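One letter stands for each residue in the lines below.
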Amino acid sequence: MARPAIGAAHRRRILAENALAYAFLFPAMAILLVFHFLGGLAAVVMSLFKWDIVPGAFRGLDNYQNVLFGARSEEFWHSLSVTITYTLITVPLEIVVSLILAYLLFQKMRGRGIYRTLYYLPYITSVIAAAVIFNWLMNPNYGFFNTLLELVGIGPQKWLDEPRGLFELISGGALAGWPAGPSLALVGVSLFTIWHYIGFQVVIFLAGLGNISTEYYEAARLDGASERQIFTKITLPLLSPTTFFVATVATIGALKAFNQIYIMTNGGPLDTTRTLGYEIFHVFFQQGRIDVGATMAVLLTLLILLFTFFQFRIAERRVFYG
Amino acid sequence: MASAAVSRPRDLPRLRTRTVLKHVVLAAVAIVIAFPFYWMLITAFKSFFEATRFPPTLFPEELHLENFATAWDSAAWPRFFTNTFVIAIAVTVGELVTSILAAYAFARLNFKGKGAIFMLLLATYMIPGEATLIPNFVLVTKYLRLGDTLQVQVIPFLASVFSIFLLRQHFLSIPNELADAAKVDGSGHLRFLWSVVLPLSIPVLVTVTLITALGVYDSFQWPLLVTNSDAVRPVQIGMAQFRTEFGAQYHLEMAAATFVIAPVVVVFLFAQRYLIQGVARTGIRG
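The rules we used
Residues numbered from 1 in each chain as written. Chains lettered and ligands numbered in written order. Predicted model: local features only at pLDDT ≥ 70, side-chain atom pairs only at ≥ 80, totals over all residues. Helix = DSSP H or I, 4+ residues; strand = E, 2+ residues; numbered from the N terminus. Buried ≥ 20, exposed ≤ 12 C-beta atoms within 10 Å, placed from the backbone. Axes fitted to C-alpha atoms, helices over the stretch in contact; angles between N-to-C directions. Parallel < 35°, antiparallel > 145°, perpendicular 65-115°, else oblique. Left-handed = near helix turned anticlockwise from the far one by under 90°. Contact = placed C-beta atoms within 7 Å. Nonpolar A, V, L, I, M, F, W, Y, C, P; charged D, E, K, R; others polar. Domains from an automatic or database assignment. Core = buried A, V, L, I, M, F, W, Y, C linked by C-beta atoms within 7 Å.

K.L.:
Honestly, unusual backbone geometry in this entry has me stumped. Any pointers?
P.N.:
For residues other than glycine, phi is negative in most cases, and the peptide bonds are mostly trans. For the bond from Gly-268 of chain A to Pro-269 of chain A, the omega torsion is -15 degrees, close enough to zero to count as cis. Within the element layout of this structure, Pro-269 of chain A appears in the loop between helix H11 (259-264) and helix H12 (276-286). The step from Phe-54 of chain B to Pro-55 of chain B runs through a cis peptide bond, and the omega angle for that step is 0 degrees. Within the secondary structure, Pro-55 of chain B sits in the loop between helix H2 (48-51) and helix H3 (66-73). Non-glycine residue Trp-159 of chain A carries a positive phi angle of around 45 degrees. Considering the arrangement of structural elements, one finds Trp-159 of chain A in the loop between helix H6 (144-151) and helix H7 (166-170). Given 24 C-beta atoms within 10 Å, Trp-159 of chain A falls into the buried group. Look at Leu-270 of chain A: it is not a glycine, yet its phi comes out positive at around 50 degrees.

Below is the structure:
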């Protein structure tokens, strides 16, 4: 008679623990499911219907046809190419500069904490206020950037109002079309982005450098390796997971770019800074085309997911399986 | 950590030049990075005429402190700051509560479907804000009719996968012996959570709090879409509006940027340990 009684008590305890767990999970899961999970599925559904102010008829893949090859294709491919250009400018520069800074900062020295704090400061500053400062620095009439250019004998530039390509300007108008390069406006936004995120990458690289065992360095020094050899043969290869991680995080951030574009250029001049993130905002919010906006958002999401997948393969070791 | 432990005497002068060179590079970069802040500050103190002089002055000739008062009085800043403060408190407290409970369930409770729910959480974490933006906008404005309220800036952010993961990871590191000692049964979990787990998790709780609150302070796109009136709009929208209205008054614009940036800089300088550690540990980029 005693055994079933214990079994019942045991079962009751398991039941109680299950109930408690579900109660604990409910508030978080309810919010996450509605706003962050089902929302993602709903975007796919919206992209399959005609949907401007109110939902209309089912249209299958017509919206995709429209965005990829039809009436909306020009703006879609244009904004995608702006997004990719912006990514290609910002990500490699962010990586190179932050890697060098982190490497220099890594060695024990005086003032290390102050440098790190200063480098990190832009990252914690809100994008909006910081972008307003950069607009002022790049002001065509009174901006500090033009003062610098004047010091080295270059005439004033229109910066964020300049639709002409960087290489077009440098070559004095000799280069046009594709070789003209990104507009000076996009370069200006990119400079802001690099400034804003560099401290973040430095901190990640510092953490990565801290994970490399000092034994490798000691062994290399005993063998008479030069500082440069140590950097290229030991630090860089052993740091590559971190570098890869920083690259994917920075790429995802660049693909999402909206706030700085909205403040600094509003997608202009001549649409040369109209990223996909801005284009989606324009289409669904300013034009009221929920369907087209959702279609573009789904396409952007697929692109982001590709990089998220890479990021997860590295990140799972950092956060998810503690 | 990996300091160059070379101590042979003849290497010393070379080492010293190297150190000096390193400092030169690091200091130069620091100046470039800090310069925009300096430029903001000195412009904020200049008169309009001095601010628009070309070439500009590197230090204001007179300190026009009244610029800050003028900028402050020219827009509904007290309202914007109050709104942001209220939203930040609500989101941070709410998110902490939901995340602590969920993280505890994942870390210390056994229940049916744990693996499946955890996978669902991972899937949710993968879905970017770009995908959920339009559906959420339609949901809150058309169906829930929450447009232009403070609630609409709070409710969607009352839970965060990132916070759950971060806390879960920490809760897992608390030794089982402590749970055994507390003799945890079905009814004792809340008490164990409150009196053992949470006190042992203060640093990570501070990190989550700061990251969440700073995230709210910086939020821009969502409030831009779902609010219309100053009565509910937050600080960053106020900043964008101020720029549109006073865009040519550069000295006032920079004064406004100064008091929008100041609170986060102060918080950062006092709590950077928690923020930088949190970022280094998790690799989250807002």
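On we go.
K.L.:
Honestly, the packing of helix H4 (residues 77-108) of chain B against helix H7 (residues 161-172) of chain B in this entry has me stumped. Any pointers?
P.N.:
To characterise two packed helices, one gives the angle between the axes of the helices and the distance between these axes. All names here are of chain B. Between H4 and H7, the least distance of the axes is 8 Å, while the angle of their chain directions is 45 degrees. In terms of axis orientation, H4 runs oblique to H7. Between H4 and H7 lies a crossing whose hand is right-handed. Contact with H4, carried on its side by Glu-95, Ser-99, Ile-100, Ala-102, Ala-103, Tyr-104, Phe-106, Ala-107 and Arg-108, involves Ser-163, Ile-164, Leu-167, Arg-168, Phe-171 and Leu-172 of H7 and no other residues of that element. A breakdown of the residues in the contact of H4 with H7 according to their chemical character gives 10 nonpolar, two polar and three charged.

K.L.:
Honestly, the environment of Phe-220 of chain B in this entry has me stumped. Any pointers?
P.N.:
Residues and elements named next belong to chain B. Looking at the element boundaries, Phe-220 is found in the loop between helix H10 (202-218) and helix H11 (221-226). Using a count of 20 C-beta atoms within 10 Å as the deciding quantity, one classes Phe-220 as buried. Placed 107 residues apart in sequence, Phe-220 and Gly-113 show a C-alpha to C-alpha distance of 37 Å.

K.L.:
What's the story with the domain arrangement of chain B in this structure? I'm lost.
P.N.:
Residue and element names in this part refer to chain B. Looking at the assigned domains, one finds that chain B contains domain 1 (9-64) and domain 2 (74-282). Distance from the C-alpha centre of domain 1 to the C-alpha centre of domain 2: 35 Å. Of the residues lining the interface, nine residues belong to domain 1; the matching set on domain 2 comes to seven residues. Ranked by residue count, the leading element in the side of domain 1 that touches domain 2 is helix H1 (residues 12-45), at four residues. Grouping the amino acids of the side of domain 1 that touches domain 2 by side-chain chemistry returns five nonpolar, three polar and one charged.

K.L.:
What exactly am I supposed to notice about the nonpolar core here?
P.N.:
For soluble globular proteins, nonpolar side chains are generally found buried alongside one another. Residues Ala-297 of chain A together with Ile-134, Met-239 and Ala-257 of chain B are the most contacted members of the largest nonpolar core, which totals 157 residues. Not counting chain neighbours up to four residues away, the residues in contact with Met-239 of chain B comprise Ile-128, Ala-129 and Val-132 of chain A together with Ala-256, Ala-257 and Val-260 of chain B.

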